Each structure stands twice: as C-alpha cells, then as structure tokens.
Amino acid sequence: MNKYIFVTGGVCSSLGKGIAAASLGSLLESRGFAVRMIKVDPYINVDAGTMSPYQHGEVYVTDDGAETDLDLGNYARFTCSPLSRDNSITTGQIYQEVIRQEREGRYLGRTVQVIPHITDRIKQRIRSVGDDHGVDMTIVEVGGTVGDIESFPFLEAVRQMIHELGKTNVLAVHLTLIPEVANGELKTKPTQHSVKELREIGIQPDVLLCRAPVSLPDDLRRKIALFTNVDMEAVVSAYDVQSTLYEIPLMYHRQGLDTIVLERLGMEFPEADLTGWQHVVDVVTGSDCTVRIAVVGKYIDLSDSYKSVDEALFHGGIANDCKVELVKIDSERIEKGDDDLERVFRGIDGILIPGGFGGRGVNGMVAAARYAREHDIPYFGICLGMQVMVIEYARSVLGFEDADSTEFAPECDHPVVGLLEEQIDVKNYGGTMRLGASHSRLLPDTLIRSVYGTEIVTERHRHRYEVSNTYRQRLNEAGLITGGVTEDYSLVESLEWDGHRWGLGVQFHPEFRSKPVDAHPLFRAFVGAARDSAHASSREAVAPALSEE
Ligand code: GLN
C-alpha cells in the first residue's frame, strides 16, 4: 500500500521545507523505494505561470506544460518522481474545481463547505498521485506556515488522512526553527509553540526537523522531545551545511532520518546507496578547479529567479570535476552603459544568457552575446538567450541595425524573431505559447548533435516567439548555423556560431532536466568548454588583475 508523508513548516517561512522534503525523497529512493512528490500551495493563484519572478522566483515547467512553483524543481533535482500538473496543488485550483462542480449541479443543491467539500477534493488530488501503480510513498509538502489562515483546509485534510489511513500509513514531519539569541544560546520555545499549534489542529508530528545554525546538543533534543511528545530519536537536527545544499540528504542520513521514517511506516528496507550524493559533495569540497560563469539577465537581484539554470551550471561543474562560481550580471547596467564590458567579463570563462520576457535589458544581453562571439568566450543562450544571438547576428553581421524581436519592437524593419503564428500555421500547436515537452531534431555535423549524441531529443518549452523563417537561410549562410529544428523542420530549435569555440543557443529549457548526480549534457559540455578555455587563457594571468580592484 502507498504510504503518505506530510511535511509541514512552523515558526516562519523560508526554512527550506522544499529541500527537506526533496532530501527525504532522495533518501527513500536510495533505499530502493518508488517515491512521488507533491507540493501544496495555499495561494489562490491557479498556477505560478503568471506570478512575477521578483516575488516568486522561477516558474518551473513540467513535461505536460504546467507552470509550477520552483519547489518542483527541487523535487526534480533530488528525486526521480515524475512531475506533472498533478503534482502541484494550489488553493485556487481546488476552489475552481469545487465551484465548477457546484455550477454543474453535482452537489445536488446541498450547501458546499470547506469541510467536507474542499477537504475531500484536496484528499482526492493527493491520493490520485499516490494511486499510480508501484508507488511506495508519496511525500506531500504543505506550503506556508502552521497557523496561517490560508493553509488551514490543507492541514485539516492532512488530519483527516492520518485518521482514515492510520499511523502506520501516514507520517507527519514538521520543520521548525531553533533560533540563536545574542549570547549564542539556542531557543526551543518557538518550536514548542509551533508544535502546540499543530496539535490544536489535531496533528501530532512524528518527526521534527529542527533548523539551527549548528547541530543540536542532546540535552536540547531531549527538552524538545519532552515538550512536544516526539521521541528524542525523531528530533532531528537540520543544521546549516557548509559545502552545498546537496549535502543535506547525507546530513539527514547521518542522523538516521530515513531509518526512523521507514521504521515508523512499518517498512522493511535495504541498505542505502548514497554514492552519487557523496561524489557531488566530494567534488564541491575537494576540487581545486573553479570555472567562473557570468549569467547575464534582468532578474539577478533575486537569487531564485534563475534557480534551475544556476543549479544546472553547478551540475555541469560536478560532471567536469570542478566548482562553478556564478557571477550575476544585470543586463540593464550593460544596456545603460554603466558597465564597461572589458571590466565586466575580465576573468570570466563562459557567458550564459537565460530566458526572460519583456524588452528591459535586452540590448545589454545583445552586447554580452556580441562580446562572447567576438572574444571566442564559450556562450550558452537559453530561450531568450538564443533569440538574443539572432538579434545580435542580424545587427552586427548582416548589418540590419534595427533587427529585433517583435516582442520588443513590433514595428521594426527586420523582425528576425517573431510570433509563432507569423512563422507557421499554429493550428497544430493549439495556442500561441509553446509550453511543455516536445521533440527536436538535431542536424548532422553540428555541435549540438555531437553534445547529445542522438538525433531526436525531448525538451521543455515556454515561449511565444520564434526565429523568423524569413531570415533563417540568410542567417545560416552568414554563419549562424541551425543546429536543431522541430521534428517537422518548421521551426528553429537551436543555433550555433560557426568557427567559434563553443557558442550555442537553444529555444527550449534544458535546465529543468538537469540533476546533480546526472548533469544535463548541454550544461556538462558548456562548463567543460568554459573550463578548457579558462586553462587556455591561464587563470594565473587573470587573478592579479582582478585583485588590484
Ligand atoms: N520572451 C521570449 C518568448 O516569449 C523568450 C521566452 C523565454 O525565454 N522563456 O519567446
């Protein structure tokens, strides 16, 4: 029978509940179990697609085209759980579904209420994921903090599931904070209150994950156990790891979290195999090679806005046995001329331009792409980053000074990037936004084909604009080579600079499929090229110049 593990959070937000849930998932997988991950979000938005990256971080796209919260990206990096729109549940979706049924008369005129109608629908959604054949455990991360008005219906649904399925089939894990006060003393009171609040709703946590700067001493764990009714061995210290977030599964394993969880769920279990995670940590702590990659984008102030890209670059580093240092560069500053490109890119081994919407900062990205091309610096353009390659090439090489995307300059004379419907008959695509996974055909004798080593690949899309078919041939002939197309050859999927060390753009988002233990081939190849170029240009010669400033 499928078992359920609910992960709730207390005291305050941003404690890393997503990483905790995902790490537990990876530990259970390391024991050979089939795990499914679900994120429950108490906001009323139906999905994260229309939420600002400034407020909400990256939008994570699944194969079936769902635009979800970035926590699903953590699940994808830490576990093998298949992810689709079923794995992301928001209050908005639940109410929308219940109201639709009410309008259809499905409730036969009865009063429709939070309990049982909303909670029933929540339970149904959660169970539909776990009902898949062969699933051993479903981990459900409940967004928000215990005590929030918004999360109450979800917590009530959790309480009901524990009651209905019994303690050996459902486990409640609660993540809390043990703050450190001025004299360095660790305080347990907020955790006591948070558990009290959870118990008032009717949920007794089985396991506590206590976030603190350091590992909790036994006397403190004993005290927490006494006040919260949780066994001392299940009061687990979630201390700050020193090397990388990918150490967290190992940190929990060292304290026996997976054993505790499996014993409570009455499961027999084999030894854990964590060699992949150990390798990741070994590279991060042991490698003496560092590759410096500049990410030129417009949402750089918020650390999570290109989360999957940043992580995929680290994965590319691990696959090349080196660390990756990210240098975030605001394309608007380049656009305004506030930054001198020579200075900005001094000591940089590779330049990446990620996806984005809207024209702000795009000319700064064009300048960065040009710099990479002219200085033979490895360049990787993703979605908007590939469209920028087209604009730059058309302007600098074809001499079309006003070349642009119709997204930013609808009236320009040379629309080298334009809306999907301007390129092909959109009936086949069922809408203007290309969202979710589709096949691409990689053409022979191209860099991208050699990187993947195969002709047909499946990657996820999230964009409205396409390389113009009117200019495609002229660009190709001038040296911006088409490396990939849609399966029917109708649209450009990838471009590369002829004669350049490593300059490649893709219309899709490979970052969503990269894992620390299995880097995406494009990120592996890009970081590898950056590492080789770093060696070629001799890091020693660069370092003194940087330290002078
Ligand atoms: N804004 C561009 C488009 O809609 C690129 C989108 C992206 O980078 N995800 O096509």
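Located above this text is the structure these notes cover.
Residues numbered from 1 in each chain as written. Predicted model: local features only at pLDDT ≥ 70, side-chain atom pairs only at ≥ 80, totals over all residues. Heavy atoms only, no water.

Draft legend 1. Broad picture of the site of the ligand. Around the ligand, a shell composed of Gly355, Gly356, Phe357, Cys383, Leu384, Gln387, Glu407, Arg462, His463, Arg464, Tyr465 and His509 is seen. One of the side-chain N or O atoms of Gln387 is found 3.1 Å from an oxygen atom in the ligand. Glu407 is positioned such that a nitrogen or oxygen atom in its side chain is 2.7 Å from a nitrogen atom of the ligand. Starting from 300 Å² of accessible surface for the ligand in isolation, the protein chains cover 99%. (Near = heavy atom within 4 Å. Polar contact = N/O pair within 3.5 Å; in protein donor to acceptor, adjacent residues only side chain to side chain. Areas by Shrake-Rupley, 256 points an atom, 1.4 Å probe, with all protein chains shown as cover.)

Draft legend 2. Examining the packing of helix α4 (residues 91–103) against helix α5 (residues 114–130) more closely. One way to put it is that α4 packs onto α5 with a least axis distance of 10 Å and a crossing angle of 115 degrees. Between α4 and α5, the interaxial angle falls into the category roughly perpendicular. The handedness of the crossing between α4 and α5 comes out as right-handed. Judged by residue contacts, Gln93, Ile94, Tyr95, Glu97 and Val98 of α4 engage Val114, His117, Ile118, Arg121, Ile122 and Arg125 from α5. Of the residues that constitute the contact of α4 with α5, the class distribution is 6 nonpolar, 2 polar and 3 charged. (Axes fitted to C-alpha atoms, helices over the stretch in contact; angles between N-to-C directions. Helix = DSSP H or I, 4+ residues; strand = E, 2+ residues; numbered from the N terminus. Parallel < 35°, antiparallel > 145°, perpendicular 65-115°, else oblique. Left-handed = near helix turned anticlockwise from the far one by under 90°. Contact = heavy atoms within 4.5 Å. Nonpolar A, V, L, I, M, F, W, Y, C, P; charged D, E, K, R; others polar.)

Draft legend 3. Inspection of the layout of surface pockets at higher detail. The volume enclosed by the largest pocket comes to roughly 790 Å³. Lining the largest pocket we find 31 residues, and of these Ser14, Lys39, Leu70, Asp71 and Asp304 sit closest to its centre. Only α1 (17–30), β2 (35–41), α2 (53–56) and α3 (71–78) provide two or more residues apiece to the lining of the largest pocket. Broken down by element, the lining of the largest pocket gets its largest block of residues, 3 residues, from α1. For the lining of the largest pocket, the residue count by class is 9 nonpolar, 13 polar and 9 charged. Empty space within the second largest pocket amounts to approximately 540 Å³. A breakdown of the residues in the lining of the second largest pocket according to their chemical character gives 15 nonpolar, 9 polar and 6 charged. (1 Å grid on protein atoms, 1.4 Å probe; cavity = no way out; pocket = protein on both sides within 12 Å on 5 of 7 lines; lining within 4 Å. Points joined across faces, edges and corners; volume = space filled by probe spheres on them.)

Draft legend 4. Up close: helix α6 (residues 152–165). Compared with an ideal rise of 1.5 Å per residue, which puts 14 residues at 20 Å, α6 spans 20 Å between its outermost C-alpha atoms and is within 8% of the ideal. Of all 14 residues in α6, 10 are buried, a share of seventy percent or more. When we look at burial in α6, the residues that qualify are Pro153, Phe154, Leu155, Glu156, Ala157, Val158, Gln160, Met161, Ile162 and Leu165. Directly after α6, the chain includes Gly166, whose backbone phi takes a positive value near 90 degrees. (Expected span 1.5 Å × (residues − 1). Buried < 20%, exposed > 50% of the residue type's maximum accessible area, 1.4 Å probe, protein only.)

Draft legend 5. Representation of the sheet that holds strand β7 (residues 170–177) within the structure. Taken in spatial order, the 7 strands make up an open sheet running β5-β2-β6-β1-β7-β8-β9, and their pairing is parallel. Looking at strand neighbours, the two that pair on one side only are β5 (88–90) and β9 (235–239), the edges of this open sheet. Taken over all neighbouring pairs, the strand axes of this sheet differ in orientation by 20 degrees on average, direction set aside. Bridge analysis of strand β1 (residues 3–9) against β7 gives 6 bridges, and the strand direction is parallel. (Pairing = 2+ DSSP bridges.)

Draft legend 6. Quick peek at the pairing of β9. Burial of β9 is extensive: 5 of the 5 residues sit out of reach of the surface. Side-chain alternation along β9 places Val235, Ser237 and Tyr239 on one buried face and Val236 and Ala238 on a second face that is also buried. As defined by bridge partners, strand β8 (residues 207–212) adjoins β9 across 5 bridges and the pair is classed as parallel. From the neighbouring strand, Cys210 faces β9, where its bridge partner is Ser237. As a crossover connection, the stretch from β8 through helix α8 (residues 218–228) into β9 is right-handed. (Right-handed = clockwise from strand over helix to strand, strands pointing away.)

Draft legend 7. Just unusual backbone geometry, in detail. Look at the link from Ile115 to Pro116: it is a cis peptide, with omega at 15 degrees. Checked against the element boundaries, Pro116 lands in helix α5. The phi angle at Tyr489 is positive, at roughly 70 degrees, despite the residue not being glycine. Looking at the secondary structure, you find Tyr489 in the loop between β19 (480–486) and β20 (492–497).

Draft legend 8. Quick look at the sheet that holds strand β11 (residues 323–330). If you walk across this open sheet you meet the 9 strands as β11-β10-β12-β13-β21-β20-β19-β16-β17, and the pairing is mixed. Bordering the open sheet on either side are β11 and β17 (456–463), each of which pairs with just one other strand. Between one strand and the next, the sheet's axes are offset by a mean angle of 25 degrees, whatever the strand orientation. Relative to strand β21 (residues 503–506), β20 runs antiparallel, the two being bridged by 3 bridges. The residue bridging Ser494 from the neighbouring strand is Val506, located in β21. Sheet contacts for helix α12 (residues 307–319): β10 (290–297), β11, β12 (350–353) and β13 (379–382); angle to β11, the most-contacted strand, approximately 150 degrees.

Draft legend 9. Representation of the nonpolar core. Counting residues in hydrophobic clusters, the biggest one holds 62 residues, and the most contacted among them are Ile5, Leu28, Ile139, Val207, Leu209 and Tyr252. A total of 7 residues in this core trace back to one element, the largest contributor, which is α1. Once you skip the residues sitting within four places of it in the chain, Val207 turns out to touch Leu171, Ala172, Val173, His174, Val230, Ala234, Val236, Leu257 and Ile260. Counting residues in hydrophobic clusters, the runner-up holds 38 residues, among them Ala368, Leu384, Tyr471 and Trp497. (Core = buried A, V, L, I, M, F, W, Y, C linked by side-chain atoms within 4.5 Å.)

Draft legend 10. Molecular detail of the pattern of salt bridges. Going through the model one piece at a time under the given rule, you end up with 39 salt bridges. Linked by salt bridges that have partners in common, Lys39, Asp41, Asp69, Asp71 and Glu141 make up one network. (Salt bridge = Lys/Arg side-chain N within 4 Å of Asp/Glu carboxyl O.)

Draft legend 11. Quick peek at the environment of Val230. With respect to the helices and strands, Val230 occurs in the loop between α8 and β9. Taking the C-alpha atoms as reference, Val230 lies 9.7 Å from Val195; in sequence the two are 35 residues apart. Here Val230 is in contact with Gln204, Pro205, Asp206, Val207, Leu208, Ala225 and Val235, once residues within four sequence places are set aside.

Draft legend 12. Looking closely at the side chain of Ser26. In this fold, Ser26 is placed in helix α1. Looking at Ser26, its side chain comes within polar contact range of the main-chain oxygen of Ser23, at 2.7 Å. With sequence-adjacent residues up to four places away left out, Ser26 is seen in contact with Phe78, Thr79, Pro249 and Trp277.

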